[in-house]
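Each chain is listed here by its residues.
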Amino acid sequence: MLPKRGPWFLLLPLALLALWHLAVQQRWVIEGIIPGPTQVAESWYRWIFGSPTRSLSPYSGTWVANVLYSSRRVLQGFLFAAAVGIPLGIFVGWNRLVARLVDPTIQMLRPVPITAWLPFSIAVFGIYDAGALFLIGLGAFYPIVINTTHGVRDTNLLLLRAARMLGAREGTVLFKVVLPSALPSIFTGLRLGVGIAWTAVIVAEMIAVKSGLGYVLWDAYYVGRMDICVATMFSVGLLGFLSDQAILLASRLLLRWRTLEAHA
Amino acid sequence: MPDAAVELRGVSKVFVARDRRVVALQDIDLSIAHNEFAAILGPSGCGKSTLLNMVAGFDRPSGGQVRVNGAPVEAPDPSRGVVFQEAALFPWYTVWDNVSFGPRTMGVPAAQYRPKVEAYLDQVGLRGFERHYPAELSGGMKQRVGIARVLVMGPEVLLMDEPFGSLDAQTRLVMQELLLSVWERHHQTVLFITHDIEEALLIADSVSVMTARPGRIKKRLVVNLPRPRSVDVTTSPVFNELKREVLALIREESLRAASEGLA
């Protein structure tokens, strides 16, 4: 039995790091192509803190700028998806007519992977930010709208009846009962959405624009800088994790009543 | 003012599920006088909740008429307060916000509803719990909130759908006495649904016994026990005589249901 306290979550990552190190050192992988963990760490460090002017590496000191490019795109696309997806999901979930009008179209477009939209997006928006934002927004839109719809439809009938017999009109029912009741589900959609937004930003930046982590990733691959590629992977993973935690924190603050329920 | 506060005339309700017609209620005639505490007693699945839902305005009858104070019931209204079996509180609101939901929704100024909310929280014994969330309350306390939030609307008719059905026996007794003491202050017209014989006889002026599906009203008994009542009344000879009568009606009914393969 493991003791309950202690940094046990570190055990598996450290083992994987050790295995990686060993694989490179023992030459189980092709020499010179796959960098070891220490080499990646060094390159990553220089990528973040290196001087852009006094270094031979073109990546030196450009990490923050690229992180900001990608983060801004994710944030913009994500906010746009939420701004459209949440109200639309509420209407689709609430009104049968709207559902019949909109839902089939959403369900038909959803199976088209965002990667398949790439050529279309470039054709329409060119290699500008708008194309990247379109892909990110579209990718994040689906889980947000679908989870919002589900959340609205799952609203307890008794709560709707309770509100109506207390004199609530439909607007009040929608904002004071349906919306809070759907909020946990909406947050699930937002968390899934932000994950897809990070996927979409990398794809979009690899092809449709010339800045950001996705651009660096593809560029580094072309010039054979696998160390930068791996450092980019870690960076994206970290940013994805942090944005998920941010949404989780917001949901904990807004859904305090729900954490009480879990402990009851 | 019309004679009856609540009046059902030839009311029926038919549900259609998977191409099958289920007659939930058939030919219900029921009339509840002003300030009467009327209990509807019936086995589960007899359609007694459906009956209440139609008086509440949640459900429309398939035939017949439902009138409250002479006007046909069209939609839910604060003049007909409903207490549900599952308290159906808003889990994201505190006790205070749950009880003040009605007045706030109706646009009543805070200065006006605040003393009322306080008074009703006091009557149901929930002072000091204003800032608690429903998840932090026991079943009985949740139901107290459920009662307070409709009382604060000053309803003419109180509709209670097995409000104590999911509580343990002891809590149920406490809640029954609480309801009696609250009712003694206001004497609203009450339609109280239950499957508990003793509960019906303890709190109500009249007990209408329902049949199994299709639900009909088999017999209406008048409970002539002095008020104010307390749990002690359940050991009196009059109470036991009434209980015997109800039991006989129910036994007859369940035998009929069994012979028709319904039980």
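Higher on the page you've got the structure.
Once a new chain begins, its residue numbering starts again from 1 and follows that chain's sequence as written. To label them, take the chains in the order written and letter them from A, then take the ligands in the order written and number them from 1. Totals for whole chains, interfaces and linings use all residues, but because this is a predicted model, local features are given only for residues with pLDDT of at least 70 and pairs of side-chain atoms are given and counted only at 80 or more.

1. Thoughts on the environment of D59(B)
Residues and elements named next belong to chain B.
- Segments assigned H or I by DSSP are reported as helices when at least four residues long, segments assigned E as strands when at least two residues long, and all are numbered from the N terminus. Among the secondary structure elements, D59 is positioned in the loop between α1 (48-56) and β4 (63-68).
- Each C-alpha atom of the pair D59 and V231 lies 34 Å from the other, and the pair is 172 residues apart in sequence.
- Among all residues touching D59, those that are not within four sequence positions of it are T50, N53 and M54. A pair of residues counts as a contact when their C-beta atoms, built from backbone coordinates, are separated by no more than 7 Å.

2. A closer look at the environment of F101(B)
- As for its position among the elements, F101(B) is in helix α3 (residues 101-105).
- Non-local contacts of F101(B), meaning those with residues more than four positions away in its chain, are made with L166(A), F90(B), Y93(B) and R149(B).

3. Description of the pairing of strand β9 (residues 206-210) of chain B
Residues and elements named next belong to chain B.
- Counting buried positions over the 5 residues of β9 gives 4, a clear majority of the element.
- Any two strands with at least two DSSP bridges between them are considered paired. Note: strand β3 (residues 37-41) against β9, 4 bridges, orientation parallel. The residue of β9 that forms the bridge with A39 is V207.
- The pairing of β9 with strand β10 (residues 217-222) spans 5 bridges and is classified as antiparallel. The exposure label follows from counting other C-beta atoms within 10 Å of a residue's C-beta, where the C-beta atoms are placed from the backbone and the thresholds are 20 or more for buried and 12 or fewer for exposed, leaving partly exposed in between.

4. Some words on the interface of chain B and chain A
- Taken together, the contacts link 23 residues of chain B with 16 residues of chain A.
- Here the side of chain B that touches chain A is composed, by residue class, of 15 nonpolar, 3 polar and 5 charged. Under the convention adopted here, Pro, Cys and the residues Ala, Val, Leu, Ile, Met, Phe, Trp and Tyr are nonpolar, Asp, Glu, Lys and Arg are charged, and Gly plus all remaining residues are polar.

5. Examining the pairing of strand β1 (residues 4-17) of chain B
All names here are of chain B.
- Of the strand pairs in this sheet, β1 and strand β2 (residues 20-33) are connected by 10 bridges, and their pairing is antiparallel. Among the inter-strand pairings, L8 is bridged to a residue of β2, identified as L30.
- Two successive antiparallel strands, β1 and β2, enclose a turn made up of 2 residues, where R18 displays a positive phi of approximately 50 degrees.
- When β1 meets β4, the two strands line up antiparallel, connected through 5 bridges. When the bridges of β4 are listed, E7 appears paired with R67.

6. Here we look at the nonpolar core
- Counting 131 residues, the largest nonpolar core has I136(A), V55(B) and L191(B) as the members making the most contacts within it.
- Tallying contributions element by element places helix α8 (residues 170-207) of chain A first for this core, with 16 residues.
- Setting aside anything within four residues of it in sequence, one finds I136(A) in contact with R73(A), V74(A), G77(A), F78(A), A197(A), A200(A), V201(A) and A204(A). Think of a nonpolar core as buried Ala, Val, Leu, Ile, Met, Phe, Trp, Tyr and Cys residues, each tied to the set through C-beta atoms within 7 Å.

Just distances and angles here, no functional claims.
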